[in-house]
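Overview (structure and organization)
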Amino acid sequence: MKKLSFLMMLVLMLVLAACGGTDDAEPETDGGADAGEETEDAGDADAGDFTDITIMTGGEQGTYYPLGAALANKIINENVDNVLAASFSSGASVVNINGIVDGDADLALVQNDIAYYASEGIQLFEDEGALEGFQGIATLYPEVIQIITAADSGIETVEDLVGKRIAVGDIGSGAEANARQILEIHDITYDDITAEYMAFGDAAGAIQDGNIDAAFITAGLPTGAVEALKATKDINLVSFSSEKIAELAAEYPYYTEYTVTADTYDTEGDATTAAVLAMLVVSSDMDEDLVYEITKAMFENTDQFSNAHQQGANITLDTALEGMPIDVHPGAQRFFDEQ
């Protein structure tokens, strides 16, 4: 299991502070989602007593980030003995799968469609072939594809995106894969738009500043970046037809139809769109007993997910294996078998 050097540095700093530091400064926290809290309880132990676990999340204004921080800080660090977990921002799904396979992280949040493509070596992973070294722990909540525009943009349909400047997500993100596939179903390619690769927060800021016309955002509802944009500018969510969604699902079976209700962002009307599922993947090399303990801690402390983000309420034991597209890690499967 790979141990990142910054974790060791954090532990060393805490030990040095305990030996001779001042009592004047206190670490800033934000109720559990701050990376500064990750090693707060580790100062009394030598770094060698801990197994370091790294968790790849997503952009800081998406849904993966607060949920990944809660998993590290409030669930693993407080309930699994002798483990020091830390979460960090990343480019999300595709980047995260590769991060697990390359040994850069131990756990990661990804979309279930991206996990399936990686395991089969199809779609975005055709050049690499089927990837190995990762397994599932659980599926978590719906991730909704949101096409966000300013209310006065004149963009009402997916076809209206032609000729416009569109944020399609980070390079290597699930959102970017969703953007390509949704445009494809509408007979639109990147040649028909000006594609900008942006994290959700950057995309929201670019809409606010008038530098882009729309953004694809795939995340749990409500999404922080969209809420921040709505606070300063009237927005619109682009709908597409049930027929197109059915066509999309026929080609890519992990999509389902989803309605974003008007009260989500206080918009004028509901928006019909599509959704996939968020899931947690783990390195196949992680010890079975440790994965068991992490899975147990997750489902015995789901309130910590709810405290971190509204979508955390959808993380339940009853739905933990629904839509699971890959093999479940033996440690997680043992926990589910006991229930």
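All of the points below concern the structure found in this document.

Analysis parameters
Residues numbered from 1 in each chain as written. Predicted model: local features only at pLDDT ≥ 70, side-chain atom pairs only at ≥ 80, totals over all residues. Heavy atoms only, no water. Salt bridge = Lys/Arg side-chain N within 4 Å of Asp/Glu carboxyl O. Helix = DSSP H or I, 4+ residues; strand = E, 2+ residues; numbered from the N terminus. Buried < 20%, exposed > 50% of the residue type's maximum accessible area, 1.4 Å probe, protein only. Pairing = 2+ DSSP bridges. Right-handed = clockwise from strand over helix to strand, strands pointing away. Contact = heavy atoms within 4.5 Å.

If you walk through the whole model with that rule in mind, you get eight salt bridges. With its nearest N and O atoms 3.3 Å apart, the salt bridge here joins Asp213 to Arg165. Of this pair, Asp213 sits in the loop between helix 6 (200-209) and strand 7 (214-219) while Arg165 sits in strand 5 (residues 165-167); the two residues are 48 residues apart in sequence, bridging distant segments of the chain. On the basis of relative accessibility, which here comes to 32%, the residue Arg165 falls in the partly exposed class. A salt bridge links Glu288 to Arg334, with the nearest nitrogen and oxygen atoms 3.2 Å apart. Remark: Arg334 occurs in helix 11 (residues 330-338) and Glu288 occurs in helix 9 (residues 288-300); sequence separation between them is 46 residues.

Another point: the pairing of strand 2 (residues 83-88). Among the six residues in strand 2, five count as buried, and that is most of the element. The sheet contact formed by strand 1 (residues 51-56) and strand 2 spans six bridges and is parallel. Bridge pairing in strand 2 links Asp52 to Leu84. Assessed by its sense of winding, the connection that carries the chain from strand 1 through helix 2 (residues 64-79) to strand 2 is right-handed.

Quick look at the side chain of Ser283 now. Within the fold, Ser283 resides in strand 10 (residues 271-283). Not counting the four nearest positions on each side in its chain, Ser283 is found in contact with Ile100, Asp106, Gly133 and His329.

That's the geometry; what it means functionally is another story.
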